[in-house]
Amino acid sequence: MTNTAWNEDQARAIIAAHAADEGAMLPILHALQAIFGCVPEAADALIAEALNVSRAEVHGVVTFYHDVRRTPGGARVLKLCRAEACQAMGGEALAARFLARHGLEWHATSKDGALTVEPVYCLGLCATSPAALIDEVPVGRLTDARLAGIAG
């Protein structure tokens, strides 16, 4: 994943392109993150101005949605399911072993910037649990070996 460096003019153009959309805030946040790899706090005031909402409202949306980042993620993003079916099939222990092996915590990026690990709550892959997304590609029936093979 390559991210463009923060550029206010480019951010304003992205925001303007989506400002008239119904429910514009989420499309704006996704578009900013797609270009910059995150939604830096500097964007809050620009979004608030364009949508005629407070910066606090923008902040609330950004911090509510787990898929919106304040800092860029790793080159690869692993989302491990923590919902009940995956828990019942050993997903919590699998995740704990993976995080410990890599010296990571939830929402953290490896020191080399190669991998970000995030929790997700239900991928709809319950029949193939434990499950994950690696770079938005679903993977089921995870084991320690399979997880190591797809995410390192």
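Everything numeric here is computed off the predicted structure, so don't read it as measured data. (Residues numbered from 1 in each chain as written. Predicted model: local features only at pLDDT ≥ 70, side-chain atom pairs only at ≥ 80, totals over all residues. Heavy atoms only, no water.)

1. Some points on the confidence of the model for the protein chain
Thinking step 1. Taken over all residues, the pLDDT of the protein chain has a mean of 94, while the share at 70 or more is 99%.
Thinking step 2. Confidence, expressed as mean pLDDT per element, reaches its minimum in the protein chain at strand 2 (residues 108-109) with 92 and its maximum at helix 3 (residues 42-51) with 98. (pLDDT = per-residue confidence, 0-100. Helix = DSSP H or I, 4+ residues; strand = E, 2+ residues; numbered from the N terminus.)

2. With respect to the packing of helix 2 (residues 25-36) against helix 4 (residues 55-64)
Thinking step 1. Where helix 2 contacts helix 4, the two axes come as close as 11 Å, and the packing angle between them is 65 degrees. Taken together, helix 2 and helix 4 sit at an angle that is classed as roughly perpendicular. Handedness of the crossing formed by helix 2 with helix 4: right-handed. Counting all contacts with helix 2, which are made through Met25, Leu26 and Leu29, the residues of helix 4 involved are Glu57, Val58, Val61 and Val62. (Axes fitted to C-alpha atoms, helices over the stretch in contact; angles between N-to-C directions. Parallel < 35°, antiparallel > 145°, perpendicular 65-115°, else oblique. Left-handed = near helix turned anticlockwise from the far one by under 90°. Contact = heavy atoms within 4.5 Å.)

3. Points about the state of the cysteines
Thinking step 1. In total, this model carries zero disulfides according to the counting rule given.
Thinking step 2. Considering cysteine sulfurs only, Cys81 is the nearest to Cys86, which forms no disulfide, with 3.5 Å between them.
Thinking step 3. Sulfur of Cys126: no disulfide; nearest cysteine sulfur belongs to Cys122 and is 4.2 Å away. (Disulfide = S-S within 2.5 Å.)

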